[in-house]
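Inside the fold
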Amino acid sequence: MSKLYQPIRTAAVLGAGVMGIQIAAHLANAGLTVYLLELPSKSGRKNDLVEGAFKKALRRSPPMFYSKKMAQRVSLGNYDEHWDRLAEVDWVIEAVVENLEIKRDLLARLEKTVKANAIVSTNTSGLSIGAIAANCHPKFRKRFLGTHFFNPPRYLKLLELIPTAETDPEIVARMAKFGRMVLGKGVVIAKDTPNFIANRIGVFTSFLALKSFTEDDYTIEEIDTLTGTLIGRPKSATFRTADVVGLDTLLYVAENLYPAVPKDEEKGMFLVPDLFKKLVETGSLGAKAGQGFYKKVDGEIRSLNPETFGYDSPKPMKLGNLDKLKKLSLGDRLRYLYDDKGRAGKFFRRLMLQTLAYSANRVPEIADEPQMIDLAMKWGFGWDIGPFQMWDELGFERVFEALNKNHFTIPDWLEQMVSLGYNRFYGENHTVYSPIKMTYKKLELHDDEIHLADYRTDEKTLWHNSEMALLDLGDGIALCDLRSKANTLSAKVIEGFGAMLDFIENHDEILGLVIGNDAHNFCVGLNLGEVGRMVELENLNPFSHHHGGVKKLLDQVQAFVQRIHYFHKPIVAAVHGRALGGGCELAIACPHIVADAETYIGLVEMAVGLIPAGGGLMRWARWIGKTAHGETPADLMPLLKKVFQTVGTATVSGSAHEGIELGFLPANTKIVMNGDRRLYVAKQEVLCLHKLGYVPPAKDPIPVLGKPARTVLEHMVYTMKEGGYASDYDQMLAHRIAYVLTGGELTEMAWVDDEYLLKLEGENFMPLIDEPKTKERIVHMLKTKKPLRN
């Protein structure tokens, strides 16, 4: 069997520190059997150390496991009693303390234990991979490499693979494939240089911003504004990120990096300012210590005063009017800031020129290709675009001229590129400049990914309105692409679904449909602002039917979700991110679902003073009937109580796996670890369903339990209210949910159809839109993005 296709089913992680435990957890998320080993405890049971660390890690937020059940895939042990387990595993990851001699001693012991074809890797961010294995046998070194996971491994996509000169290329290819397909990672091959790719650039940019605070007149808030979402980076920006990472960790990295890069033209950037050292010395280590650059005081986020080392309330920023930039595209925002004549522009130009020059000078030192640096920064640090993509956006030639004018070091490969007449890093038709080839080469794309930018063209657009489009994915498969604000179900989208399904019905060449997109979220439900405005206008108009507009929207929603569910051609939802409220109802209307592992799905209408009315409760009632192991009230009641609690508390799954456990997603949901593959997998699912001879779901009757069951559910709410877990208004809303789920006025168990329950949903939804407390909840949610419990 080729090494590329040998499966990896068991793994061991050595070291139960912060990273070791989280790597073990993510391997368990991916379905592996995992052994997590640590030093034996010096007192008590030898497993006390590893068990204590694991128990503490289970309380982490956000959680490291997709589901609590997955923790059972991790077996805990120690080096004295359980070392023999390492003889059977396919992959061993050493993740112990950053000490070369300790790592070497551990490898020497490992070499005598692991099987002949086991892969061994180290998770280090600062030590040389080659140096760690230098004393091992050449045969062992062939299957040894660096696997640098980013913290937290579940949520950060980057996996840097660092082979040595002796690592077998087939092992590298096998690990790259496994990392991408099974662990869901964005894999970058890095060179064995200090801090590899992402941390080398990332630490440089962090200290670049830090110098502006210690040496210039920019405040912490101003710097975080100019290094956050405004320029396509995470909202934690510079100083919040430093607090989360830990100032002691950053200090350690910088102090180790400075002597390790003697030829780095900007190595002075890694000389840590005294302010930074003093913060660490006094225990102001960031989030874990409750204070670093920021501190929460009486509910207010305050920032460090470098003179007093106290924390001050934020002062007004002197950056000009940046609010107007929020509606611009990222490229336009970057160009505006670069051209700005004020303090914002001055800071941004310097930040860009230093970052871009530094990145260019790291080729070929840390990576042979500029694209590798861009991918590493996007996947490891959450940048929307990498430094060389930013350079293209700002204008290649003017940045190059500015670097020359300001006497930055220009690497030979870049001078050569300019002399050849090239003026972009990324060319047309998915090409990127290669310094090795001295011309453009095809981007490294995977044929099992679908990127919608390639399909949003006139020739591939089959149908559209202003907020959604039907795209041709090829092979007879179309895709419904939502483009409304925040991917909400706006009036235009709700109306559009009917027209789009008409179009598909009338075109035999369309074999099936994927509903999915590449925005941050699948769909976050109704456009609440739009509904609120509609209600206000109808209240002002004495001639309008009482909320006829909202009633019409609701009827349209119920109509299109039913059409989707029973459509004669296969429809697959490709779900990711948040699928909330109406977005959840849209997803579960699809008979088949492909879900990104990071899918957060739930019916959250209670949080805005409403109840589900787009088929959500009806589908829950159907799920209860299908899932129960019998048809008597005693069989159905436990599931009914579970569903009622889930909807009544507006519970949202913490992952796609938890979505299945809760019942939102069907048991046969295809879960994809690598989100870049989700749309491709969904397309294949539609094709497969078509080729098998697709038959839509049967319209079987739905069992409901009537008034006796409703009384039980209402008592559950009463208990919650008396315990202080629900308000009077929550109780009223929950009673309406119970009324629908149990079949309304029915006095005993009965079998009903979809339309019966949909009618009950609508009748219990409509009165709520005029309730003052519902309006309060909607306004609060729109303003704060947080629920109000009134």
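Structure: above.
We now turn to the structure provided with this report. (Residues numbered from 1 in each chain as written. Predicted model: local features only at pLDDT ≥ 70, side-chain atom pairs only at ≥ 80, totals over all residues. Heavy atoms only, no water.)

1. A closer look at the overall build of the protein
The line we're drawing: Secondary structure counts use DSSP, requiring at least four H or I residues in a row for a helix and at least two E residues in a row for a strand, with both numbered from the N terminus. The globule rule used here is 2.2 Å times the number of residues to the 0.38 power, and the radius of gyration it is set against is calculated over C-alpha atoms. Whether a residue is buried, partly exposed or exposed follows from its accessible area with a 1.4 Å probe, protein chains only, as a fraction of its type maximum: under 20%, in between, or over 50%, in that order. By the convention used here, residues are in contact when the closest approach between their heavy atoms is within 4.5 Å. Under the convention used here, a 1.4 Å probe and the Shrake-Rupley method define accessible areas, while residue burial counts only the protein chains that appear.
Looking only at helices and strands, the protein has 29 helices and 23 strands in total. The C-alpha radius of gyration of the protein comes to 29 Å, within 12% of the 28 Å expected for a compact globule of 790 residues. By its C-alpha atoms, the protein is 80 × 65 × 60 Å across when sized along the principal axes. Scored against the burial criterion, the 790 residues of the protein give a buried share of 54%. Excluding contacts between residues fewer than 6 apart, the proportion of contacts in the protein whose partners are at least 24 apart in sequence is 69%. Of the roughly 34,600 Å² of accessible surface on the protein, 54% is carried by carbon and sulfur atoms.

2. Details of helix α7 (residues 198–215)
The condition that has to hold: One less than the number of residues in a helix, times 1.5 Å, gives the span that helix is expected to have.
When the terminal C-alpha atoms of α7 are compared, their 25 Å separation across 18 residues agrees well with the 26 Å that a helix rising 1.5 Å per residue should span. Counting buried residues along α7, 15 of its 18 residues qualify, which places the element largely inside the surrounding structure.

3. Examining the packing of aromatic side chains
For clarity, the cut-off: The rule is short: rings of Phe, Tyr and Trp, with Trp giving its six-membered ring, pair when the centres are within 6.5 Å, and they are stacked under 30 degrees, edge-to-face over 60, tilted in between. By definition here, charges over rings are those cases where NZ of Lys or CZ of Arg is within 6 Å of the ring centre and within 35 degrees of the ring normal.
The full count for this structure, using the stated rule, is 28 aromatic pairs. Measuring from ring centre to ring centre gives 5.7 Å for Phe213 and Phe239, while their planes differ by 70 degrees; the resulting arrangement is edge-to-face. Here Phe239 lies in helix α9 (residues 239–245) and Phe213 lies in helix α7, a separation of 26 residues in the sequence. Exposure remark for Phe239: the relative accessible area of 1% places this residue in the buried category. Ring centres of Phe497 and Phe560 lie 4.3 Å apart, and the angle between their planes is 10 degrees; this geometry places the pair in the stacked category. A residue pair is termed long-range when its members are at least 10 positions apart, and Phe497 in helix α18 (residues 491–505) and Phe560 in helix α20 (residues 548–565) qualify at 63 residues. Since its relative accessible area comes to 2%, Phe560 is described here as buried. The side chain of Arg109 reaches across the aromatic face of Trp83, ending 3.9 Å from its centre. The ring of Tyr358 has Arg362 lying over it, and the distance from NZ or CZ to the ring centre is 4.4 Å.

4. Here we look at the pairing of strand β5 (residues 119–122)
Condition: Strand pairing follows a simple DSSP-based rule, namely that at least 2 bridges must link the two strands. We call a crossover right-handed when, viewed with both strands directed away from the observer, the connection leading from the first strand over the helix to the second proceeds clockwise.
Side chains of β5 alternate between two faces, with Ile119 and Ser121 and Val120 and Thr122 buried alike. Sheet topology note: the strand β4 (residues 91–94)/β5 ladder contains four bridges and is parallel. Bridging across to β5, Ile93 finds its partner in Ser121. For the handedness criterion, the β-α-β arrangement of β4, helix α3 (residues 100–111) and β5 is classed as right-handed. Sheet analysis places β5 next to strand β6 (residues 144–149), joined by three bridges and oriented parallel. Its bridge partner being in β6, Thr122 is matched across the sheet by Gly146.

5. A short note on the environment of Ser236
Structurally, Ser236 is set in the loop between α8 (220–226) and α9. The class for Ser236 is partly exposed, based on a relative accessible area of 23%. With 55 residues separating them along the chain, Ser236 and Gln291 place their C-alpha atoms 15 Å apart. Setting aside residues no more than four positions away along its own chain, Ser236 makes contact with Asp224 and Thr241.

6. Digging into the pattern of salt bridges
Should their charged atoms come close, side chains of opposite charge can pair. Going by this rule: Should a side-chain nitrogen of Lys or Arg be within 4 Å of a carboxyl oxygen of Asp or Glu, the pair is scored as a salt bridge.
As enumerated under the stated definition, the model contains 46 salt bridges in all. With its nearest N and O atoms 3.7 Å apart, the salt bridge here joins Lys103 to Glu98. Lys103 sits in the buried class, given a relative accessible area of 0%. The class for Glu98 is partly exposed, based on a relative accessible area of 24%. Arg362 serves as the salt-bridge partner of Glu365, at 2.8 Å between the closest nitrogen and oxygen. Here the residues in one salt-bridge network are Arg200, Asp264, Glu265, Arg362 and Glu365, joined through shared partners.

7. Thoughts on unusual backbone geometry
Along the chain, Ser61 connects to Pro62 via a cis peptide bond; the corresponding omega equals -5 degrees. Examined against the element boundaries, Pro62 turns out to sit in the loop between α2 (48–57) and β3 (74–78). Even without a glycine there, the phi angle at Asn429 is positive, about 55 degrees. By the element assignment, Asn429 lies in the loop between β12 (426–427) and β13 (431–434).

8. What about the environment of Ala587?
Mapped onto the secondary structure, Ala587 falls in helix α21 (residues 582–589). Note: C-alpha distance between Ala587 and Gly498 (89 residues apart in sequence) is 16 Å. Those residues in contact with Ala587, other than ones at most four positions away along the chain, are Phe522, Ala573, Val575, Ile593 and Ile601.

9. Some words on the sheet that holds β3
Counted only if it meets this: Helix axes use the C-alpha atoms of the stretch in contact, all axes being lines fitted to C-alpha atoms, and the angles between their N-to-C directions lie in the range 0 to 180 degrees.
Strand order in the open sheet formed by eight strands is β3-β2-β1-β4-β5-β6-β7-β8, and the pairing between neighbours is mixed. Both outer strands of the open sheet, β3 and β8 (186–189), are each paired with one neighbouring strand and no more. Recorded for the sheet is a direction-independent mean angle of 25 degrees between the axes of neighbouring strands. Contacts between helix α1 (residues 18–29) and the sheet are confined to β1 (10–14), β2 (33–38), β3, β4 and β6, with β2 contributing the most and set at about 170 degrees to the helix.

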